[in-house]
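# Commentary on secondary and tertiary structure
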Amino acid sequence: MPDPIFYHSIKVDEKKCIGCVVCMKVCPTKAIRIKEKKAVVNAERCIDCGECYRACPYGAITPLTTKTSDITRFKIKVALPSPVLYSQFGSNVMPDQILNALKEIGFDYVYDEALACEMISIAIEEYLERNKSPRPIISSTCPVVVRLIQRLFPSLVSLIIRMEPPREIAAKNLKRELSKEHKISEQDIGIFHITSCPAKMVSINKPETMEKSYLDGAISIKEIYNQLMAQLKRKEHNFILQTQSQASGIGIGWAISGGEIRGIKQDASVSVSGVYDTIRILSDVESGKIKNIEYLECLICPDGCIGGPLTVENRFLAKSHILKLIRKFGGKNRIDISYVKQLYEKNFFSFERNIQPKPFSPLDPDKNEAIRKLKKKERILKNLPGINCGVCGAPDCESFAEDLAKGEKDLTIGRCVFLGE
Ligand code: SF4
Ligand code: SF4
């Protein structure tokens, strides 16, 4: 059934999938079932975390990002690289070299997203200052965390900061400025995020907080890597290394977990990364166990965006490169704070519309029927062995009992190998 609520960023290639259950077992929201030896993703449950993509040993899960050939439909093509890109080519390759290489592979303009990150750091401080309670305020940067909250922690939706992430703010600014400068329509300007994360496509194609995203696509670092490397090698001997004017440690730091809170200089802030740790801290916030936190940065990938599934460099080396760049470029703001405050006053950073809670549907839309199915599920569960082996095609006995209680087509209790057909 097509997903009425969410657009998704991955798809299963049925030719490559052998139904090995690896993806089903790692999925944190139990969105995957194995049917006729193929993985099937339940669109309603999927939050686009990419865990299945990371885990599939057969390359059967494909991210749905923008192809580089797609950029040609725009008169002006702009690359907006995530600071993660600076960690991908070794510690001696400087941001300026990478920005130049992007230009040489076909972009008319290249804008350093780290600059927008730094701007948002200032805007977050302003937001925290002006919005006194409740706490903790939760970052809106990671689109998967936003979905996770909508689905599993709907009561926390109101805590998400009502501010667009840096990629959207940068794109909004660029569209306006370039359209004025070149006297062309904003529609003729294509802005592409260069990303480590397939879920960015989700926030571009189906944004939660605005009618239409200011970005026109997201190109995977993996896809563009070889072209960039070829350019960087060509320039190796004649490029003057680093210019401090192009980067600051504050913005670059957003590539790793803790980077966002490092920029806002708020003592009572916490950063968490990885899907399971994120679920754990959000559960603690929901239950009231966690108190006295001002700001909570959660990123779904391990160690933050440098752990995104569309990267090339080893995550630990990438982190070390980013830390080196942070040290090199320092923690001094290069953005005019009063300018950011002026933009803040004009609501430049704010959501156009609020994020809505989207909890998972009950077992049945009819309340009485839902209770009947819940009782049926409990009865079935009592008869199952509780081994959670996944051979039935569901991730655990509870999910199998739920699918049976819902009356899933062609599913019988005999699918459990311990009970037999
Ligand atoms: S991990 Fe999932 S998608 Fe990949 S082969 Fe196994 S069942 Fe298929
Ligand atoms: S992207 Fe995440 S939530 Fe969606 S199916 Fe894969 S593992 Fe499950």
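Heads up: these notes are all about the structure in this document. (Residues numbered from 1 in each chain as written. Chains lettered and ligands numbered in written order. Predicted model: local features only at pLDDT ≥ 70, side-chain atom pairs only at ≥ 80, totals over all residues. Heavy atoms only, no water.)

## Some words on the layout of surface pockets
If you add up the space inside the second largest pocket, you get close to 390 Å³. Every residue lining the second largest pocket is counted, 18 residues in all, and those nearest its centre are Ile34, Lys35, Glu36, Leu411 and Arg415. At the level of elements, strand 2 (32-35) and helix 15 (397-406) are the ones that each hand at least two residues to the lining of the second largest pocket. A per-element tally of the lining of the second largest pocket places strand 2 first, with 3 residues. Looking at side-chain class alone, the lining of the second largest pocket contains 7 nonpolar, 2 polar and 9 charged residues. (1 Å grid on protein atoms, 1.4 Å probe; cavity = no way out; pocket = protein on both sides within 12 Å on 5 of 7 lines; lining within 4 Å. Points joined across faces, edges and corners; volume = space filled by probe spheres on them. Helix = DSSP H or I, 4+ residues; strand = E, 2+ residues; numbered from the N terminus. Nonpolar A, V, L, I, M, F, W, Y, C, P; charged D, E, K, R; others polar.)

## Notes on the sheet that holds strand 10 (residues 269-273)
If you walk across this open sheet you meet the 3 strands as 7-11-10, and the pairing is parallel. Strands with a single pairing partner mark the edges of an open sheet, and in this sheet they are strand 7 (137-138) and strand 10. (Pairing = 2+ DSSP bridges.)

## Describing the site of ligand 2
Taken together, 13 residues are adjacent to ligand 2, and Cys27, Cys46, Cys49, Gly50 and Cys52 come closest. Partitioned by chemical class, the residues of the shell around ligand 2 number 9 nonpolar, 2 polar and 2 charged. (Near = heavy atom within 4 Å.)

## Description of unusual backbone geometry
With omega at -10°, the peptide bond leading from serine 133 into proline 134 counts as cis. Examined against the element boundaries, proline 134 turns out to sit in the loop between helix 4 (113-130) and strand 7. Look at lysine 183: it is not a glycine, yet its phi comes out positive at around 55°. Position of lysine 183 relative to the elements: it lies in the loop between helix 6 (166-182) and strand 8 (189-195). At asparagine 388, a residue that is not glycine, the phi angle is positive and equals roughly 55°. Considering the arrangement of structural elements, one finds asparagine 388 in the loop between helix 14 (367-383) and helix 15. A relative accessible area of 35% places asparagine 388 in the partly exposed class. (Buried < 20%, exposed > 50% of the residue type's maximum accessible area, 1.4 Å probe, protein only.)

Function cannot be read off these values alone, since they describe shape.
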